[in-house]
Amino acid sequence: MAALTVGFDLDMTLVDSRPGIADTFRALTARTGVHVDVEAVVSRLGPPLRTEIARWFPPEQVDEAVRTYRELYPAYAITPTVPLPGAVAALDAVRDSGGRALVVTAKHGRLARLHLDHLGLVVDEVAGDLFAEGKATALRQHGATHYVGDHVADMVAALAAGVPGIAVATGPCTPDELRAAGAAVVLDDLTGFPAALDGMIRLALER
């Protein structure tokens, strides 16, 4: 097996960004006058921003709304976001095992990096604007041996990249949904990641 290289999703895998995302959508409503149900938005984090924006804005306004949201995001979303339980220890466990950690996310890469820097979460690479099978491209490019995520689309990404998908049930998807999507391991949250890492490495060796 190649050297241990673990990819992590960001929203609801490493960080709880729901309060900041909700605040940013409220600011977007104030700026544009278009109502967005922020509770609905944060209940289904995972797909790309454009997918969510398109639920609320007419097609001809989606591009501008995406630009406005990303303009507002640093002021509203970074400070309220916190690491999820076990996130720091999970990244430390990868490094302590001689491995590398990546973040592969649907979020714009620049905004993802703002979160990581603000929270002091140290990773080796960040790849953004990717979803489902699209994430597999970055996972393969960076030699990922595993991918950790909270969404069924993250398990799709892992399968497409040919690596074990490690699911955490901290996002919108249930453990059963994550298993059905191909998760090799399902954890309640990242607090169980360090103890499970040796078994995850063996999973990758078996592929």
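So, a few notes on the structure that sits alongside this text. (Residues numbered from 1 in each chain as written. Predicted model: local features only at pLDDT ≥ 70, side-chain atom pairs only at ≥ 80, totals over all residues. Heavy atoms only, no water.)

**Structural notes on the overall build of the chain**
- Each helix and strand in the chain was counted, giving 10 helices and eight strands.
- The C-alpha radius of gyration of the chain comes to 17 Å, within 12% of the 17 Å expected for a compact globule of 207 residues.
- Counting only C-alpha atoms, the chain reaches 55 × 30 × 30 Å along its principal axes.
- By residue count, 49% of the 207 residues in the chain fall in the buried class.
- Total accessible area on the chain stands at roughly 8,900 Å², and carbon and sulfur atoms take up 52% of it. (Helix = DSSP H or I, 4+ residues; strand = E, 2+ residues; numbered from the N terminus. Rg over C-alpha atoms; globule rule 2.2 N^0.38 Å. Buried < 20%, exposed > 50% of the residue type's maximum accessible area, 1.4 Å probe, protein only. Areas by Shrake-Rupley, 256 points an atom, 1.4 Å probe, with all protein chains shown as cover.)

**Observations concerning the packing of helix α3 (residues 49–56) against helix α4 (residues 62–77)**
- Taken N-terminus to C-terminus, the directions of α3 and α4 make an angle of 120°; their axes are 9 Å apart at the nearest point. When the axes of α3 and α4 are compared, the pair comes out oblique. Pair α3 / α4 crosses with right-handed handedness. Here α3 contributes L49, R50, I53 and A54 to the contact with α4, which in turn contributes V62, D63, A65, V66, Y69 and R70. (Axes fitted to C-alpha atoms, helices over the stretch in contact; angles between N-to-C directions. Parallel < 35°, antiparallel > 145°, perpendicular 65-115°, else oblique. Left-handed = near helix turned anticlockwise from the far one by under 90°. Contact = heavy atoms within 4.5 Å.)

**Quick look at the layout of surface pockets**
- Estimated volume of the largest pocket: approximately 370 Å³.
- Along its surface, the largest pocket is lined by 27 residues, and D11, G46, P47, P48 and L49 are the ones closest to its centre.
- Every element with two or more residues in the lining of the largest pocket is listed here: α1 (18–32), α3 and α4.
- Considered class by class, the residues forming the lining of the largest pocket number 12 nonpolar, five polar and 10 charged. (1 Å grid on protein atoms, 1.4 Å probe; cavity = no way out; pocket = protein on both sides within 12 Å on 5 of 7 lines; lining within 4 Å. Points joined across faces, edges and corners; volume = space filled by probe spheres on them. Nonpolar A, V, L, I, M, F, W, Y, C, P; charged D, E, K, R; others polar.)

**Focus on the packing of helix α7 (residues 133–141) against helix α8 (residues 152–161)**
- Taken N-terminus to C-terminus, the directions of α7 and α8 make an angle of 50°; their axes are 7 Å apart at the nearest point. Judged on the interaxial angle alone, α8 and α7 are oblique. Crossing geometry of α7 relative to α8 is assigned as right-handed. Residue-level contacts link E133, K135, A136, L139 and R140 of α7 to D154, V156, A157, A160 and A161 of α8.
- Residue composition of the contact of α7 with α8, grouped by class: six nonpolar, no polar and four charged.

**Looking at the sheet that holds strand β8 (residues 185–187)**
- A sheet is described by the order of its strands in space; here six strands give the open sequence β5-β4-β1-β6-β7-β8, paired in parallel fashion. Of all the strands in the sheet, the pair left with one neighbour each is β5 (125–127) and β8. Across this sheet, the average inter-strand angle for adjacent strands is 20°, counted without regard to direction.
- Relative to strand β4 (residues 100–104), strand β1 (residues 5–8) is paired through four bridges, and the arrangement is parallel. Each bridged residue has a counterpart across the sheet, and for T5 the counterpart in β4 is R100. (Pairing = 2+ DSSP bridges.)

**Some details on the packing of aromatic side chains**
- In this structure the tally under the stated criterion is three aromatic pairs.
- Relative to F193, the ring of F8 has its centre 5.7 Å away and its plane inclined at 50°; by these criteria the two rings are tilted. With a gap of 185 residues between them, F8 in strand β1 and F193 in helix α10 (residues 193–205) connect regions that are remote in the sequence. With respect to burial, F8 and F193 carry one shared label: buried.
- An angle of 50° between the planes, with centres 4.7 Å apart, marks the rings of F25 and Y69 as tilted. Pair noted here: F25 is in helix α1 and Y69 is in helix α4, with a separation of 44 residues, a long-range link. The same class applies to F25 as to Y69, namely buried.
- One aromatic cluster is present, built from ring pairs that chain together F25, Y69 and Y73. (Phe/Tyr/Trp six-rings, centres within 6.5 Å; stacked < 30°, edge-to-face > 60°.)

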